[in-house]
2 protein chains.
Amino acid sequence: MKRQYAITVIGLGLIGGSMAIDLRRRGFASSVRGVESDPVNAAAAVKIGLVDEVIPYSLCTEGSDIIVLAVPAGAAAGMLPEILDMLSMEQRHSGEEGCRKIVIDVCSTKSGMVRAAEGHPMRGRYVPTHPMAGTEYSGPWAAMSGLFDGKACVICDSGHSDKDAADTVEKLYDTLHMRTIRMDPDNHDMHAAYVSHISHVTSFALALTVLKQERNDRHIFDLASGGFSSTVRLAKSSADMWVPILDQNRDNVLDVIDTYMEEMQAFRDAIASGNKQGIRELINEANRIRRIIR
Amino acid sequence: MKRQYAITVIGLGLIGGSMAIDLRRRGFASSVRGVESDPVNAAAAVKIGLVDEVIPYSLCTEGSDIIVLAVPAGAAAGMLPEILDMLSMEQRHSGEEGCRKIVIDVCSTKSGMVRAAEGHPMRGRYVPTHPMAGTEYSGPWAAMSGLFDGKACVICDSGHSDKDAADTVEKLYDTLHMRTIRMDPDNHDMHAAYVSHISHVTSFALALTVLKQERNDRHIFDLASGGFSSTVRLAKSSADMWVPILDQNRDNVLDVIDTYMEEMQAFRDAIASGNKQGIRELINEANRIRRIIR
């Protein structure tokens, strides 16, 4: 019979909640407990059935095989060393030979997380991961089965995680039907800036641009059609999640914003000077995205 | 019995082809003929059954009740007065009292189109329209039933179209299940810049940004997930369609690009200075798009 794990999810939002659903449903989890500081979200998570029970943060390692840290990136970096400390303390009290418990985080920035655990005696029990899936919605109500199916998950073990821990986490993401990709944390953060973080910044800026015009013109949205909706969709994403990501991944995000603004300026110049051939070349080059994105 | 119309569609791409399908299927068209300069697209349109036959441009008004001009905006502005000339010539030869034929265009820019017909003796037979629907694909293969259902269509008759022509065009878009909105051409172009044209420019620029990075890093797209795909989707749109739109709507598009770049700069400044409260305020403001876009 397949081994089952007692799982504790810290942060019962879209990601944590969706993991809870499928890890239980697909038989990886024998039990799922939750830690959630917001009392409304905590009550909802129990009522919806995302978790068996909600427990205090201070008990998150007790009786758990795997602790999933699924709070926003800022808070997660503070909690990670605390959780590793709890593991150390447990082990001292138990007198057992080695800790077998595993801690993972699911944050969109990885260098800061890895730094937060650096040099910790329990570093080997920590596996940094980033399941690259999501929607623009948040909270336990947004959690859904199948959210991760077919998507990519970056695992940044970089040889600093114990082999058994890395292997178990691989199985966990296999259960979630994710393709796992190994990458070091710095590389991950640079890639994430290009294929995820910049998309959010451009959507936020687009929303702000159109909302500014709306002040003078209440009817502007009568015309908003499919193209606009898909481009601006990510602008619904929450500040709680995105402030720490943009802050922690500052250098990469600024690099990408600068390149992006150069491209916008090139478009502006071509349009302003009536350089149709220039506009055409820019669009033709941009069309190369067709062979990459379905 | 409902009156049926003999329709000629000039330009058998996504928009023209999709109109042909539903106008026939829903009984508005008694026949649909096509004009298409690209021989491959012309052959495909007949084979797929979008049109009964393909005819030369010079015969587009002959035996037609409604001529739909569905070529890219640049070419359309050149053809519109030619088609109105054909109507004038037909009428002189026929000796009938008044022309009852109708010409519509479906371009994404309207001021230039209206200017192209200004002062023409047949101006009353022309109704400028913009059915705001589409996908990022083009050509007769991209045509589909239902493309227009539930979307908005701007009609810029501004009192310069004959009443019977405007009424018939209203029925045509009713058949396509579109909400029609009356707007003058200048207002339309300003609105379209905000809710459609800027979305395309930001998508093109995003594609260019990421493709530039891809030159150094072939694996960057392994991580591209849902958020990126939806934001960059419009970057697949064709240069043939978008060069004339961005060129014809230059002043509005430049205004919106400038506002947009100010918003991007505000984000950049807040991120660069580590001003988390500032990032939070920008995101919270952008989140107001939630109440407008589902």
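Residues numbered from 1 in each chain as written. Chains lettered and ligands numbered in written order. Predicted model: local features only at pLDDT ≥ 70, side-chain atom pairs only at ≥ 80, totals over all residues. Heavy atoms only, no water.

- The name given to chain A in an unreviewed UniProt entry is Prephenate dehydrogenase, with the source organism recorded as Candidatus Cryptobacteroides excrementipullorum.

### A short note on the relation of the copies chain A and chain B
- When chain A is fitted to chain B, the best match, at an RMSD of 0.0 Å, comes from turning it 180° and sliding it 0.0 Å along the axis. This pairing of chains is accounted for by a two-fold axis. Nearest to the rotation axis, the C-alpha of Thr231(A) is located 2.2 Å from it, this being the minimum over chain A.
- Of the residues that chain A buries at the interface, 100% are likewise interface residues in chain B, meaning the two copies contact each other through the same surface. (Least-squares fit on C-alpha atoms with pLDDT ≥ 70 in both. Contact = heavy atoms within 4.5 Å.)

### A few points about the side chain of Thr202(A)
- Structurally, Thr202(A) can be placed in helix H6 (residues 185–214).
- Taking the relative accessible area as the measure of exposure, Thr202(A) reaches 3% and is therefore buried.
- Filtering out sequence-adjacent residues up to four positions away, Thr202(A) remains in contact with Tyr260(A), Thr231(B), Tyr260(B) and Met264(B). (Helix = DSSP H or I, 4+ residues; strand = E, 2+ residues; numbered from the N terminus. Buried < 20%, exposed > 50% of the residue type's maximum accessible area, 1.4 Å probe, protein only.)

### Remarks on the pairing of strand S5 (residues 102–105) of chain A
Residues and elements named next belong to chain A.
- Alternating positions in S5 separate into two faces, Ile102 and Ile104 on one and Val103 and Asp105 on the other, with burial throughout.
- Examined bridge by bridge, strand S4 (residues 66–69) and S5 share four bridges and lie parallel to one another. Following the sheet pairing, leucine 69 is matched in S5 by aspartate 105.
- Both S5 and strand S6 (residues 126–131) contribute to a ladder of three bridges, which runs parallel. By the bridge assignment for S6, aspartate 105 is matched with proline 128.
- With helix H4 (residues 111–117) bridging S5 and the parallel S6, this β-α-β connection has right-handed handedness. (Pairing = 2+ DSSP bridges. Right-handed = clockwise from strand over helix to strand, strands pointing away.)

### A closer look at the pattern of salt bridges
Residues and elements named next belong to chain A.
- The full count for this structure, using the stated rule, is 40 salt bridges over all chains.
- For aspartate 105, the salt bridge is made with lysine 110, and the minimal N-O distance between the two is 2.8 Å.
- For lysine 110, a relative accessible area of 0% corresponds to the buried category.
- A cluster of three or more residues bridged by salt bridges with shared partners is formed by Arg100, Arg125, Asp162 and Asp164. (Salt bridge = Lys/Arg side-chain N within 4 Å of Asp/Glu carboxyl O.)

### Considering the sheet that holds strand S8 (residues 179–182) of chain B
Residue and element names in this part refer to chain B.
- In space, the eight strands of this open sheet follow the order S3-S2-S1-S4-S5-S6-S7-S8, with mixed pairing throughout. Edge positions in the sheet fall to strand S3 (53–54) and S8, since each has one partner strand and no second.
- For strand S1 (residues 5–10) and strand S4 (residues 66–69), the ladder comprises four bridges, and the chain directions are parallel. Within S4, the residue paired with isoleucine 10 across the bridge is leucine 69.
- With respect to the sheet, helix H1 (residues 14–25) is in contact with S1, strand S2 (29–35), S4 and strand S5 (102–105), its orientation differing from that of S2 by roughly 160°.
- Helix H3 (residues 73–94) rests against S1, S4, S5 and strand S6 (126–131) of the sheet, and its axis sits at about 165° to S4. (Axes fitted to C-alpha atoms, helices over the stretch in contact; angles between N-to-C directions.)

### Some words on unusual backbone geometry
Residues and elements named next belong to chain A.
- Positive phi outside glycine occurs at histidine 177, with the angle close to 60°.
- Residue position: histidine 177 is located in the loop between helix H5 (163–175) and strand S8 (179–182).
- Looking at histidine 177, the relative accessible area reads 41%, which means it is partly exposed.

### Let's talk about the sheet that holds strand S3 (residues 53–54) of chain A
All names here are of chain A.
- Across the sheet, eight strands lie side by side as S3-S2-S1-S4-S5-S6-S7-S8; this open sheet has mixed pairing. Whereas interior strands pair on both sides, the edge strands pair on one side only; in this sheet they are S3 and S8.
- Inspection of the sheet shows strand S1 (residues 5–10) paired to strand S2 (residues 29–35) by six bridges, in the parallel sense. In the sheet register, isoleucine 7 faces S2, and the bridge partner there is valine 32.

### Some remarks on the packing of aromatic side chains
- Within this structure, the stated rule accounts for five aromatic pairs over all chains.
- Taking 5.7 Å as the distance between ring centres and 15° as the angle between the ring planes, the aromatic pair formed by Phe204(A) and Phe267(B) counts as stacked. Taken together, the residues Phe204(A) in helix H6 and Phe267(B) in helix H9 (residues 250–272) connect one chain to another.
- A relative accessible area of 0% places Phe204(A) in the buried class.
- On the accessibility criterion, Phe267(B) (0% relative accessible area) is buried.
- Aromatic pair Tyr5(B) and Phe28(B): ring centres 4.8 Å apart, planes at 25°, arrangement stacked. Linking Tyr5(B) in strand S1 with Phe28(B) in the loop between H1 and S2, this pair joins segments that are 23 residues apart in sequence.
- Given a relative accessible area of 7%, Tyr5(B) falls into the buried group. (Phe/Tyr/Trp six-rings, centres within 6.5 Å; stacked < 30°, edge-to-face > 60°.)

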